[in-house]
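Analysis of the macromolecular model
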Amino acid sequence: MIKLNNINKINKKKIRVGRGIGSGKGKTSGRGVKGQKSRSGVAIKSFEGGQMPLYRRLPKRGFNPIIKGKIAILNLDKIQSYIDKKRLKIGDTLNSSLLKKLNLINKNSIKLKILGSGEIKDKINIEADLASKSAVIKLEKIGGSIQLKK
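The notes below deal with the structure included here. (Residues numbered from 1 in each chain as written. Predicted model: local features only at pLDDT ≥ 70, side-chain atom pairs only at ≥ 80, totals over all residues. Heavy atoms only, no water.)

As for the overall build of the chain
For the chain, the count of helices and strands is four helices and six strands. Along the chain, helices (α) and strands (β) appear in the sequence α-β-α-β-α-β-β-β-α-β when read from the amino end. For 150 residues, the compact-globule estimate of 2.2 N^0.38 gives 15 Å, and the C-alpha radius of gyration of the chain, at 32 Å, exceeds that figure by more than 25%. Dimensions of the chain, computed from the C-alpha atoms along their principal axes, are close to 85 × 40 × 25 Å. Evaluated residue by residue, the chain yields a buried proportion of 21% over its 150 residues. Counting only contacts in the chain whose residues sit at least 6 apart along the sequence, the fraction spanning at least 24 positions is 39%. Accessible surface computed for the chain: about 12300 Å², of which carbon and sulfur atoms make up 53%. The distance from the centre of the 37 positive side-chain charges to the centre of the 9 negative ones in the chain is 26 Å. (Helix = DSSP H or I, 4+ residues; strand = E, 2+ residues; numbered from the N terminus. Rg over C-alpha atoms; globule rule 2.2 N^0.38 Å. Buried < 20%, exposed > 50% of the residue type's maximum accessible area, 1.4 Å probe, protein only. Contact = heavy atoms within 4.5 Å. Areas by Shrake-Rupley, 256 points an atom, 1.4 Å probe, with all protein chains shown as cover. Lys, Arg positive; Asp, Glu negative; His and termini not counted. Charge placed at Lys NZ, Arg CZ, Asp CG, Glu CD.)

Okay, here's the thing in structure tokens:
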């Protein structure tokens, strides 16, 4: 005779299904009779019993264009770290072709965007497609320049 401890359920015995009719979970093991759900390895994904499924209840939002211009993002602190590590020279004009050649941005990126996160100490000339206002202000403050392509 097994004593059940209801307070912390440590000694609770696991129900072994399919172990004879006397167990109450024998023969069909509590799965009912026939049908897809009685078979093993079958799960009906996102089926909610005829209720409208969640993925159909929620509205579709936005638009994902097929041809998406991949934009490489570069922060000012990252540029400064590349200069400190001697991967970039101060005299060079920083553009997407130079960065791709040095493997600093992805070769599949179409445009280059400069963001103003962090600080930059060295005066540098940048040629980019896009730039944030803070990046332009920080570059002009130290005497650097940024040219935006049209």
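Re the nonpolar core
In this structure, I79, L88, I114 and I126 are the most contacted members of the largest nonpolar core, which totals 21 residues. Residue assignment for this core shows that the elements contributing at least two residues are strand 1 (71-75), helix 2 (76-84), helix 3 (96-101), strand 3 (111-115), strand 4 (125-128) and helix 4 (133-141). In terms of residues, this core owes the most to one element, helix 2, which gives four residues. Among all residues touching I79, those that are not within four sequence positions of it are L74, L88, L94, I114, I120, I124 and I126. (Core = buried A, V, L, I, M, F, W, Y, C linked by side-chain atoms within 4.5 Å.)

Focus: the sheet that holds strand 2 (residues 93-94)
The parallel open sheet is built from three strands, whose spatial order is 2-4-6. In this open sheet, the two strands that pair with only one neighbour each are strand 2 and strand 6 (145-148). The pairing of strand 2 with strand 4 spans two bridges and is classified as parallel. The residue of strand 4 that forms the bridge with L94 is I126. (Pairing = 2+ DSSP bridges.)

Describing helix 2
Each α-helix winds once per 3.6 residues, and so residues spaced three or four apart point in a common direction. Every buried residue belonging to helix 2 is among L76, I79, Q80, Y82 and I83, and all of these are buried. One side of helix 2 holds all its buried residues, which, seen down the axis, span an arc of 160°. The secondary structure elements touched by the buried residues of helix 2 are strand 1, strand 2, strand 3, strand 4 and helix 4. Among the residues trailing helix 2, K86 stands out with phi positive, at a value near 65°. (Arc of directions from axis to C-beta.)

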